[in-house]
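# Structural overview for review
Each chain, written out:
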Amino acid sequence: MTNSPEKIPDSNPASTTTESAPEFERLVEPRSENRLALAGGVWHQISPKYVTVQLISTGSFLLVVIAATLVLTLLMHQLWAWIPGGIMTVILAWTLAILPRQARAIGYQLRDDDLVFRRGILWQRFVAVPYGRMQLIDITHGPLDRGFGIAQLKFVTAAAATGVVIPGLAQSTAETLRDHLVEVAESRRTGL
């Protein structure tokens, strides 16, 4: 498994040799025997910086919720604010607790005819996007993402249900992967 290949391999899984970069130790998979499994190939992972960015943004929102709850209850004497404030605090604290494990479960694999994306531990999602069906490949990143050097890569196909967003890719990986996928998608659409 690798995170930031210098050169994206061609779509043949036998030729997936890449250089290593900062990455998670391993791709986390559910423990159940009934899990969705995909054998063979090399799974590429997202950058660990994604966890840091998500912790900062979710943690900041948690602080705003706590501050708003305290202002409403202590200064304005609106005791009803404890209920939504408490619920939001519990949800956001839970999100912060499971975020690192969720990030380690995100990965993608380049195969002969498609790109397979996976995410999730409890609610698993595997999406195979055929190269010839890709209509748009988009890179987006916000200010916090840019500060940490990561980006999101989004694939758009004719079917809205197969839209895939790979978050937390290193900026150079996202650009190289985008160029590779555009090249492969063009050759598949033209039948070359």
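Residues numbered from 1 in each chain as written. Predicted model: local features only at pLDDT ≥ 70, side-chain atom pairs only at ≥ 80, totals over all residues. Heavy atoms only, no water.

Quick look at the overall build of the protein now. Within the protein, the regular secondary structure consists of four helices and seven strands. When the helices and strands of the protein are placed in sequence order, the string is β-α-α-β-β-β-β-α-β-β-α. Every one of the 192 residues in the protein was classed for burial, and the buried ones make up 36%. Considering only contacts in the protein between residues 6 or more positions apart, those separated by 24 or more positions represent 58%. On the protein, roughly 10800 Å² of surface is accessible, and the fraction owed to carbon and sulfur atoms is 60%. (Helix = DSSP H or I, 4+ residues; strand = E, 2+ residues; numbered from the N terminus. Buried < 20%, exposed > 50% of the residue type's maximum accessible area, 1.4 Å probe, protein only. Contact = heavy atoms within 4.5 Å. Areas by Shrake-Rupley, 256 points an atom, 1.4 Å probe, with all protein chains shown as cover.)

Further remarks concern the sheet that holds strand 1 (residues 44–45). By definition, the strands of a sheet pair up through backbone hydrogen bonds, in either a parallel or an antiparallel sense. The four strands lie next to each other as 1-2-3-4, forming an open sheet whose pairing is antiparallel. Single-partner strands in this sheet number two, and they are strand 1 and strand 4 (125–130). Direction of pairing for strand 1 relative to strand 2 (residues 107–110): antiparallel, over a ladder of two bridges. Bridge assignment links Q45 to a residue of strand 2, and that residue is G107. (Pairing = 2+ DSSP bridges.)

A word on the packing of aromatic side chains. A complete count under the given rule lists one aromatic pair for this structure. When the ring of W43 is compared with that of F126, the centres are 6.2 Å apart and the planes differ by 80°; the resulting orientation is edge-to-face. In this pair, W43 is assigned in the segment before strand 1 and F126 in strand 4, connecting sequence segments 83 residues apart. Accessibility expressed as a relative area gives 9% for W43, which makes it buried. Taking relative accessible area as the criterion, F126 reaches 26% and is therefore assigned partly exposed. (Phe/Tyr/Trp six-rings, centres within 6.5 Å; stacked < 30°, edge-to-face > 60°.)

L115, M134, F155, I166 and L181 are the most contacted members of the largest nonpolar core, which has 29 residues in total. Looking at this core, the elements with two or more residues in it are helix 1 (49–75), strand 2, strand 3 (114–119), strand 4, strand 5 (136–140), strand 6 (150–156), strand 7 (164–170) and helix 4 (171–190). The element contributing the most residues to this core is helix 4, with five residues. When near neighbours in sequence (up to four residues on either side) are disregarded, L115 contacts Y108, Q109, L110, V127, A128, V129, Y131, M134, F155, I166 and L181. (Core = buried A, V, L, I, M, F, W, Y, C linked by side-chain atoms within 4.5 Å.)

Taken in spatial order, the three strands line up as 5-6-7 in an open sheet, and their pairing is antiparallel. Each end of this open sheet is capped by a strand with a single partner; those strands are strand 5 and strand 7. When strand polarity is set aside, the average angle formed by the axes of neighbouring strands in this sheet is 20°. Sheet topology note: the strand 6/strand 7 ladder contains five bridges and is antiparallel. Residue pairing for strand 7: I150 is matched across the bridge by A170. (Axes fitted to C-alpha atoms, helices over the stretch in contact; angles between N-to-C directions.)

The next subject is the pairing of strand 6. One ladder, built from five bridges, connects strand 5 with strand 6; its direction is antiparallel. For T140, the partnering residue across the bridge sits in strand 6 and is Q152.

Glancing now at helix 2 (residues 82–104). If you check helix 2, its first and last C-alpha atoms are 34 Å apart, about what 23 residues at 1.5 Å a residue would give, namely 33 Å. In helix 2, a bend of some 45° at I98 exceeds every other bend along the element, and P100, a proline, comes one to four places later. Buried within helix 2 we find G85, L92, L99 and A103. Tucked into the core, helix 2 has its buried residues touching helix 1. (Expected span 1.5 Å × (residues − 1). Bend = angle between axes of the 7 residues up to and from the residue.)

Nothing here speaks to function; it is geometry throughout.
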